[in-house]
Amino acid sequence: MTQAQPGSIWREARRWLPGVFISAVALYALFRMATWQDLATAFQTIQLPNLLAAVALSILSLVVRSAAWKALLADAPNLMQTFFIICQGYLLNNLFPLRAGEIGRAVFMGRAIRVSPFHVLSTIVIERVFDLAMAAILLLSTLPLAIGAEWAKPVATITLLLVLAALAAMFLMARYSEKVHGWVDRLFKRWPAVQGWLLPRLDSMLDGLGALKSLSQFLKVTFWIVLTWLLWVLVYYVMLLPIAPQAPLWWPAFADGILALGAAIPSAPASLGVYEAAMVAALSILGVAYSPALGYAVLMHFIQFATTAVLGFWGLARERRSLASLFKEARMQEK
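Residues numbered from 1 in each chain as written. Predicted model: local features only at pLDDT ≥ 70, side-chain atom pairs only at ≥ 80, totals over all residues. Heavy atoms only, no water.

(A) Expanded view of the nonpolar core. The biggest cluster of nonpolar side chains holds 46 residues, and the ones touching the most others in it are Trp69, Phe130 and Leu212. Listing elements by their share of this core, those giving two or more residues are α3 (48-72), α4 (79-95), α5 (100-113), α6 (117-147), α7 (152-175), α8 (177-187), α9 (192-208) and α10 (215-240). Take this core: its biggest share by element is 8 residues, from α6. What leucine 212 contacts, discounting residues up to four positions off in sequence, is Leu72, Ile126, Phe130, Phe171, Ala174, Gln217, Phe218 and Val221. Grouped together as the second largest cluster of nonpolar side chains are 37 residues, Met239, Ala278, Met300 and Ile303 included. (Core = buried A, V, L, I, M, F, W, Y, C linked by side-chain atoms within 4.5 Å. Buried < 20%, exposed > 50% of the residue type's maximum accessible area, 1.4 Å probe, protein only. Helix = DSSP H or I, 4+ residues; strand = E, 2+ residues; numbered from the N terminus. Contact = heavy atoms within 4.5 Å.)

(B) Examining the environment of serine 61 more closely. Assignment of secondary structure puts serine 61 in helix α3. With 168 residues separating them in the primary sequence, serine 61 and tryptophan 229 have C-alpha atoms 8.0 Å apart. Not counting the four nearest positions on each side in its chain, serine 61 is found in contact with Thr228, Leu231 and Trp232. Of note is the side chain of serine 61, whose polar atom sits 3.3 Å from the side chain of tryptophan 232. (Polar contact = N/O pair within 3.5 Å; in protein donor to acceptor, adjacent residues only side chain to side chain.)

(C) Structural context of the packing of aromatic side chains. Counted under the stated rule, the structure contains 8 aromatic pairs. Counting every residue linked through ring pairs, the aromatic cluster contains Phe83, Phe84 and Trp314. The ring of tryptophan 69 has arginine 105 lying over it, and the distance from NZ or CZ to the ring centre is 4.2 Å. (Phe/Tyr/Trp six-rings, centres within 6.5 Å; stacked < 30°, edge-to-face > 60°. Lys NZ or Arg CZ within 6 Å of the ring centre and 35° of its normal.)

(D) A look at the side chain of serine 122. With respect to the helices, strands and loops of the structure, serine 122 is situated in helix α6. Other than its neighbours up to four places away in sequence, serine 122 contacts Ser204, Asp207 and Gly208.

(E) Just the confidence of the model for the protein chain, in detail. Here the protein chain averages 84 in pLDDT, and 90% of its residues register 70 or above. Mean pLDDT across the secondary structure elements of the protein chain bottoms out at helix α14 (residues 323-334), with 63, and peaks at α3, with 94. (pLDDT = per-residue confidence, 0-100.)

(F) Representation of the environment of leucine 249 within the structure. Along the polypeptide, leucine 249 turns up in the loop between α10 and α11 (250-263). A relative accessible area of 45% places leucine 249 in the partly exposed class. On a C-alpha basis, the gap between leucine 249 and leucine 234 in space is 8.1 Å, while along the polypeptide they are 15 residues apart. When near neighbours in sequence (up to four residues on either side) are disregarded, leucine 249 contacts Val233, Leu234 and Tyr237.

(G) Quick peek at the pattern of salt bridges. Tallied over the full model, the rule gives 9 salt bridges. A salt bridge links arginine 105 to glutamate 102, with the nearest nitrogen and oxygen atoms 3.5 Å apart. With arginine 105 and glutamate 102 both in helix α5 and 3 residues apart, this pair spans about one turn of that helix. Like arginine 105, the residue glutamate 102 is buried in the burial classification. A salt bridge links arginine 128 to glutamate 102; the nearest nitrogen and oxygen atoms lie 2.8 Å apart. Here arginine 128, found in helix α6, pairs with glutamate 102, found in helix α5; they are 26 residues apart in sequence, far enough to count as distant. (Salt bridge = Lys/Arg side-chain N within 4 Å of Asp/Glu carboxyl O.)

(H) Inspection of the packing of α6 against α10 at higher detail. Contact geometry of α6 with α10 gives a least axis separation of 11 Å together with a crossing angle of 50 degrees. Comparing the axis directions of α6 and α10 gives the class oblique. Where α6 crosses over α10, the handedness of that crossing is right-handed. When α6 is examined against α10, the residues Phe130, Asp131, Met134, Ala135 and Leu138 are found in contact with a partner set consisting of Phe218, Val221, Thr222, Ile225, Val226, Trp229 and Val233. Classifying every residue of the contact of α6 with α10 gives 10 nonpolar, 1 polar and 1 charged. (Axes fitted to C-alpha atoms, helices over the stretch in contact; angles between N-to-C directions. Parallel < 35°, antiparallel > 145°, perpendicular 65-115°, else oblique. Left-handed = near helix turned anticlockwise from the far one by under 90°. Nonpolar A, V, L, I, M, F, W, Y, C, P; charged D, E, K, R; others polar.)

Here it is as structure tokens:
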């Protein structure tokens, strides 16, 4: 067996150590400001019916998310394949650094439907673009309510229109991909270095947009992704009611938008610490006391982690594969 060189180990560590450090600092700061007695009291307020409803809605959101990705892949895989591959990808993200699950999803789905993993990865990138648009819409539409500032309303409206325009531009790029490629090719013809760097990346993105060339397919993907986000908001809502019974539905929508921004920060696997910090920050802005907010954040994170872990391991058992082999395949493709 070949031993890893110390230099390569250090280069690998430098990629994930900053995220681990950020997570550690976030966790230290969070739990430094709370007592275990307060957290225990916060956990005790959660009721079993709310917990069961949150788990059921979380699983339903994974099914709906699978339908969205299936549509992005031009309906090549079946829903069951897509569902378990998504769960396996989330399992990798929860256990290993550097978003190993995204590469893993591309590898596993590429093998399942016999296409290039790079093509599948481009659809995952497009999926993330939709997610960013939804996060922006949720956050900007609820921000004026959260901070109570009149000046925020026109700013939010203008930004929302820009987000919708970006989605429309993405559809047009998919519809007229050959023209877009030709236009960029001519535009940067005088700069071969830029052209050589840009065109392959553009082609990869246009490849991922291939399933969105028809308006019906674009609307189908949009519908499933919007429904996924609505289900996520409902998950947060049913768990929020025991600690904030008068909370309006826009509260979890605002928290979900803040959480999406927090997830973009480098962190340990599963966004440990960063997830809790973003959720506590959002709930604090809305007036929820610190300890109940932290208890809520910890419990919500555990529900999401446990749900995807159970379903991910179930998917592995169905395929008679191990977690180690799953991670190894993802890392080999990344290299």
